[in-house]
Amino acid sequence: MSTTESMREMDRDTFKRAAAKAAVELVTQDMVVGLGSGSTAAFAIEALAERHRQGLRFVGIPTSDRTAAQAAAADIPLTSFAEHRQIDLTIDGADEVEQGTLNLIKGLGGALLREKIVAAASNRLAIVVDGTKLVDRLGMRTAVPVEVVAFGLEATQESLEVLGASVRLRMSPAGQPFVTDSGNRILDCNFGRISDPARLEKRVRHVIGVVESGLFIGRADPVFVADAAGVHRLDSARAHRGSPPVHPEINIAKMHAGIPLTDADRQPWLERVAAWIDSQRANKQPGIITCSALKRAYRQFIIGDRPEVRLVYLRGGRDLIAEHVAGRRGHFMPASLLRSQIDTLEEPDPSEDSLTIEASAPPDQIAEEVIRLLCATTVVQNTIALPPVTTAEEP
């Protein structure tokens, strides 16, 4: 490693340590804490050990043998699922964090199965990373680790390749197949940019021989990112366990001032909507979300190839919509923005397979018609309603 590379690595360690200390502040008295694995999680264990020495009472459940050894050496009291079925908070690192959704790729350290078991049992999963781990789309820099059983590994690999992955068996430094703490192997699967992580996770999980994947969907709550500017806390819409996403404050202020939003302004909102949808899908929960997805490009972003999602389009004339907008009280979008909304609107085309409902009926009748149409078309887990401008959320 060159001197420059060594300095960069030292900088990253400094950032990771700062983010870890921020995450550890979430730990309160008598918590059950999940202890992640890897270099970043190791900094969190250091910070937890310091707080324990200062009198904070908690117990930890480690996600790997290495983490257990580090925690025991630091005199952190450990427990197990035999004593505690539920974990209050887990602190762990990640290999990639998707901006906006906070979906994750984890498992380059080889502990992804135990990490996901602990994460699934946790009320909250706090992720600690340096700024280099943030990406626009998962898969841009990192392959997806997939833990598989050793028997039939070649057949499992072939099935994963059918899904579009370039697959490589992970090897140990000694040149032997890497063996996880659970006795399994890891296939590193390069899918390239992943457009629908939730769907990919589901498809990978259905491959016979797969134990678990390193795709962590809808679990981060929150993410602490450290870089040269300091430590930043990122909260995702999916962190709110089913609560609908809200507009960024800067968008609300802009609309309140009567300034139309641009595509760039709307992107963070669309990301929050997509994140909420993926959270509902990952948790196998139904949901309806309303938003003014005015353009086809917006709808493609938040619906994409998510097969469970249906588009409901509430159609109304300009005068009707103006009447509805005028009747709202306390909303941040003034009536003066209506024209820009209608001018931006691109009505759904046949390829979008939308359920179109006239908005002239009373709200209770509209709701009944939405339910009727969805039931008639065998609605599945999630529904997204996208009225043009009459919704409470205006992107």
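Refer to the structure presented above.
Residues numbered from 1 in each chain as written. Predicted model: local features only at pLDDT ≥ 70, side-chain atom pairs only at ≥ 80, totals over all residues. Heavy atoms only, no water.

1. Examining the overall build of the protein
- Secondary structure assignment for the protein yields twelve helices and 18 strands.
- Out of the 395 residues in the protein, the part that is buried amounts to 48%.
- A separation threshold of at least 6 residues defines the contact pool for the protein, and within that pool the share at least 24 residues apart is 77%.
- Accessible area of the protein: about 18,300 Å², with a carbon and sulfur share of 53%. (Helix = DSSP H or I, 4+ residues; strand = E, 2+ residues; numbered from the N terminus. Buried < 20%, exposed > 50% of the residue type's maximum accessible area, 1.4 Å probe, protein only. Contact = heavy atoms within 4.5 Å. Areas by Shrake-Rupley, 256 points an atom, 1.4 Å probe, with all protein chains shown as cover.)

2. Remarks on the pattern of salt bridges
- Taken as a whole and assessed by the stated rule, the structure comprises 23 salt bridges.
- Residue Arg114 is joined to Asp65 by a salt bridge in which the shortest nitrogen-to-oxygen separation is 3.2 Å. You can see Arg114 sitting in helix α4 (residues 112–120) and its partner Asp65 sitting in helix α3 (residues 65–73), a full 49 residues away along the chain.
- For Asp65, a relative accessible area of 46% puts it in the partly exposed group. (Salt bridge = Lys/Arg side-chain N within 4 Å of Asp/Glu carboxyl O.)

3. Some points on the side chain of Arg310
- Tracing the chain through its elements places Arg310 in the loop between α9 (296–303) and β16 (311–315).
- Judged by its relative accessible area of 13%, Arg310 falls in the buried class.
- A polar atom in the side chain of Arg310 sits 2.9 Å from the backbone oxygen of Asp353. (Polar contact = N/O pair within 3.5 Å; in protein donor to acceptor, adjacent residues only side chain to side chain.)

4. Some remarks on the packing of aromatic side chains
- Inspection of every chain in the model, using the stated rule, returns zero aromatic pairs.
- One residue, Lys116, lies across the ring of Phe216, its end atom 4.8 Å from the ring centre.
- Across from the ring centre of Phe178, 5.7 Å away, lies the NZ or CZ of Arg170, which sits over that ring. (Phe/Tyr/Trp six-rings, centres within 6.5 Å; stacked < 30°, edge-to-face > 60°. Lys NZ or Arg CZ within 6 Å of the ring centre and 35° of its normal.)

5. Concerning the sheet that holds strand β10 (residues 185–190)
- Taken together, the four strands give an open sheet; going across it, the order is β9-β10-β8-β11, and neighbouring strands pair in antiparallel fashion. Of all the strands in the sheet, the pair left with one neighbour each is β9 (166–169) and β11 (210–213). Between one strand axis and the next, the sheet turns by 30 degrees as a mean value, whatever way the strands run.
- Relative to β10, β9 runs antiparallel, the two sharing four bridges. The residue of β10 that forms the bridge with Arg168 is Asp188.
- In this fold α4 packs onto β8 (144–148), β10 and β11, with an angle of close to 65 degrees to the strand it touches most, β11.
- Contacts from helix α5 (residues 153–162) reach β8, β9, β10 and β11, with the element oriented near 20 degrees to β10. (Pairing = 2+ DSSP bridges. Axes fitted to C-alpha atoms, helices over the stretch in contact; angles between N-to-C directions.)

6. Details of the environment of Ala165
- Note that Ala165 resides in the loop between α5 and β9.
- Look at Ala165 and you get buried, because its relative accessible area is 9%.
- Each residue touching Ala165, except ones within four places of it in the same chain, is listed here: Leu160, Cys189, Asn190 and Phe191.

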